[in-house]
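# A structural walkthrough
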Amino acid sequence: MPELSGKHIVLGLTGGIACYKAAELLRRLQDAGATVDVVMTEAATGFITAATFQALSGRPVWADTWDARAPNRMAHINLARTADAILIAPTSTDFMAKLAHGMADDLLSTLCVARGAVPLLIAPAMNHEMWTHPATQRNARQLRQDGITLIGPAEGYQACGETGSGRMMEAAQILQALVAFFQPKVLAGKRVLLTAGPTSEIIDPVRVLTNRSSGRMGYALAQAAAEAGAQVTLVSGPTALPCPDDVTRISVTQAREMHAETLARAPNTEIFIAVAAVADWGIANPSAQKLKKHDDDAPPVIQFVPNPDILADVAALPAGPWCVGFAAETEHLHEHAQAKRQRKGIPVIVGNLAQQAMEAADTELIIFDQHGAYPLPRQDKLQAARQLISWIAAHLPA
Ligand code: C5P
């Protein structure tokens, strides 16, 4: 099911060159299943026309408080009472100031004051001097205190030719923030620790022994846990993935480092999810210099030492976190996963077929506990992660 299916979003636009990004945002909101009504300030109509948004949304665009198309002449009340959220992107310096003072001198500001319990999210967009101005920063603090969610702004090149903080976030990031906002906060107040990615065991300065893991599943779970309101720490092996918002990442290379960083943090967490594909063996005799290849040489002899089992060691901690392991198997998934769950002394293990999940964008997970198996449908890893997090929240011992 699309992420915003059944949601009614009021998309507000205020004056700013970033209005051009709002057309793509509208498209993305619709692709995510939302019904979108667009409300523009007069300044916004100076940057982009209402016709663009009417054509894209297939719905009337609202700009005038006295719009006669609303039979009761109360567009602000009609929109406010049906919206699941109001999202203003771009939000100008001036509009932030208006919001901070509860002003209501046009349709969009009136709608915001009349919104009652409807959540308001804003994506600021302005020149960096305007963003860092003490008055704007004061307003931003006030808005957060009033329960308004600020999305960004981002740093970078600005339309005025200057560089700094104040750029509007990209449409995809704003959509992601809105989807995250709607996730049930089932892990509020919980601390979640995860491992993710492969580990890289050093053979010499240019060679490593590693596993074929992209880290996507672990990163998706870290994101889903953060969206669910948890305080999340992700101990990650080498991956190319960006750290999810509101997640603290500790980057490691070898399994021993991952073990040390994880064990140092585990006693202070409620939930540990071990997703990393940890190398089973480390290199006993790493070379300080690159091993050279000569035609007449025998290949180098690499000696292995077993790596510590991070998950089993966390599970053995007295008063340690509730542990969820992963089992990537190539055959006999049910038998191997349940055997692994018991061997490691953990309440839950999540199994998948390695050949289907490795480096892929989607996955088909099966959750195993002492009572049996709970299969999840084949789906995108982030959707699977959100389902798994809600299962974890429902089964976490009180
Ligand atoms: O033993 P195996 O590697 O198959 O177990 C997989 C599970 O154990 C995963 O959750 C993985 O993150 C965890 N693990 C670990 N430390 C290891 C090996 C595996 O935490 N050294």
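Residues numbered from 1 in each chain as written. Predicted model: local features only at pLDDT ≥ 70, side-chain atom pairs only at ≥ 80, totals over all residues. Heavy atoms only, no water.

### A look at the packing of helix 1 (residues 19-31) against helix 9 (residues 171-182)
Across the interface, helix 1 lies against helix 9 with an axial gap of 9 Å and an inter-helix angle of 45 degrees. With respect to each other, helix 1 and helix 9 are oriented oblique. Between helix 1 and helix 9 lies a crossing of right-handed hand. Across the interface between the two elements, Lys 21, Glu 24, Leu 25, Arg 28 and Leu 29 of helix 1 pack against Ala 171, Ala 172, Ile 174, Leu 175 and Leu 178 of helix 9. Considered class by class, the residues forming the contact of helix 1 with helix 9 number 7 nonpolar, no polar and 3 charged. (Axes fitted to C-alpha atoms, helices over the stretch in contact; angles between N-to-C directions. Helix = DSSP H or I, 4+ residues; strand = E, 2+ residues; numbered from the N terminus. Parallel < 35°, antiparallel > 145°, perpendicular 65-115°, else oblique. Left-handed = near helix turned anticlockwise from the far one by under 90°. Contact = heavy atoms within 4.5 Å. Nonpolar A, V, L, I, M, F, W, Y, C, P; charged D, E, K, R; others polar.)

### Some remarks on the packing of helix 10 (residues 216-227) against helix 15 (residues 381-395)
Where helix 10 contacts helix 15, the axes come no closer than 8 Å and their chain directions differ by 50 degrees. Regarding the angle of helix 10 to helix 15, the classification is oblique. For the pair helix 10 and helix 15, the crossing hand works out as right-handed. Across the interface between the two elements, Arg 216, Met 217, Ala 220, Leu 221, Gln 223, Ala 224, Ala 225 and Glu 227 from helix 10 touch Lys 381, Leu 382, Ala 384, Ala 385, Arg 386, Leu 388 and Ile 389 from helix 15.

### Description of the pattern of salt bridges
Summed over the entire model, instances satisfying the criterion amount to 16 salt bridges. When the shortest N-O distance is used, the salt bridge between Lys 21 and Glu 170 registers 3.2 Å. Of this pair, Lys 21 sits in helix 1 while Glu 170 sits in the loop between strand 7 (163-167) and helix 9, and the two are 149 residues apart along the sequence. Note on Lys 21: relative accessible area 8%, which makes it buried. Classification of Glu 170 as partly exposed rests on a relative accessible area of 33%. Arg 378 is the partner of Glu 364 in a salt bridge, and the nearest nitrogen-oxygen pair spans 3.9 Å. Separated by 14 residues along the polypeptide, Glu 364 in the loop between strand 18 (362-363) and strand 19 (366-369) and Arg 378 in the loop between strand 20 (372-375) and strand 21 (379-380) bring together distant segments of the chain. (Salt bridge = Lys/Arg side-chain N within 4 Å of Asp/Glu carboxyl O. Buried < 20%, exposed > 50% of the residue type's maximum accessible area, 1.4 Å probe, protein only.)

### Things to note about the domain arrangement of the protein
Split by domain assignment, the protein resolves into domain 1 (8-182) and domain 2 (191-395). Here domain 1 and domain 2 have C-alpha centroids that lie 40 Å from each other. (Domains from an automatic or database assignment.)

### Let's talk about the site of the ligand
What surrounds the ligand is the set Ala 274, Val 275, Ala 276, Val 278, Pro 308, Asp 309, Ile 310, Leu 311, Gly 325, Phe 326, Lys 340 and Lys 344. One of the backbone N or O atoms of Ile 310 is found 3.0 Å from a nitrogen atom in the ligand. For the ligand, whose free accessible area comes to 440 Å², the fraction covered by protein is 86%. Taken together, the elements giving at least two residues each to the shell around the ligand come down to helix 12 (310-315), strand 16 (322-329) and helix 13 (333-344). (Near = heavy atom within 4 Å. Polar contact = N/O pair within 3.5 Å; in protein donor to acceptor, adjacent residues only side chain to side chain. Areas by Shrake-Rupley, 256 points an atom, 1.4 Å probe, with all protein chains shown as cover.)

### Focus: unusual backbone geometry
Following Ala 89, the chain continues into Pro 90 via a peptide bond in cis, with omega recorded as 5 degrees. Topologically, Pro 90 is positioned in strand 3 (residues 85-91). With an omega of 5 degrees, the peptide bond running from Gly 152 to Pro 153 counts as cis. Looking at where Pro 153 falls in the secondary structure, it is placed in the loop between strand 5 (149-150) and strand 6 (154-157). The phi torsion at Asp 246 lies on the positive side, around 60 degrees, for a residue other than glycine. For Asp 246, the location among the structural elements is in the loop between strand 11 (231-236) and strand 12 (247-251).

### Overview of the sheet that holds strand 19
Sheet architecture is open: 8 strands sit in the order 12-11-8-13-16-17-19-20, paired in mixed fashion. Only two strands of the sheet have a single partner each, and these edge strands are strand 12 and strand 20. Strand-to-strand, the axes of this sheet are offset by a mean angle of 20 degrees, without reference to chain direction. In the sheet, strand 8 (residues 191-196) pairs with strand 11 via 6 bridges, with the strands oriented parallel. Each bridged residue has a counterpart across the sheet, and for Leu 194 the counterpart in strand 11 is Leu 234. Packing against the sheet, helix 15 makes contact with strand 13 (271-274), strand 16, strand 17 (348-353), strand 19 and strand 20, and its axis sits at approximately 140 degrees to strand 16. (Pairing = 2+ DSSP bridges.)

### Looking at the packing of aromatic side chains
We describe a pair of aromatic rings using the distance from one ring centre to the other and the angle between the two ring planes. All told, the structure shown has 3 aromatic pairs when counted by the stated rule. Taking the centre distance of 5.8 Å and the plane angle of 75 degrees together, the rings of Phe 181 and Phe 182 count as edge-to-face. Given a relative accessible area of 29%, Phe 181 falls into the partly exposed group. For Phe 182, a relative accessible area of 21% puts it in the partly exposed group. Plain terms: the ring middles of Tyr 374 and Trp 391 are 5.6 Å apart, the flat faces sit at 50 degrees to each other, and that makes the pair tilted. On the criterion of sequence distance, the pair formed by Tyr 374 in strand 20 and Trp 391 in helix 15 is long-range, its members being 17 residues apart. For Tyr 374, a relative accessible area of 29% gives the class partly exposed. Since its relative accessible area comes to 12%, Trp 391 is described here as buried. It is Lys 7 that lies over the ring of Phe 182; its NZ or CZ is 4.8 Å from the centre. In this structure, Arg 69 is placed above the aromatic ring of Trp 62, and the distance from its NZ or CZ to the ring centre is 4.7 Å. (Phe/Tyr/Trp six-rings, centres within 6.5 Å; stacked < 30°, edge-to-face > 60°. Lys NZ or Arg CZ within 6 Å of the ring centre and 35° of its normal.)

### Some points on the sheet that holds strand 2 (residues 35-40)
Taken in spatial order, the 5 strands of this open sheet run 2-1-3-4-5, and their pairing is parallel. For this open sheet the edge positions go to strand 2 and strand 5, each flanked by a neighbour on one side alone. In this structure, strand 3 lies alongside strand 4 (residues 120-124), joined through 4 bridges in parallel fashion. In the strand pairing of strand 4, Leu 87 is matched with Leu 121.

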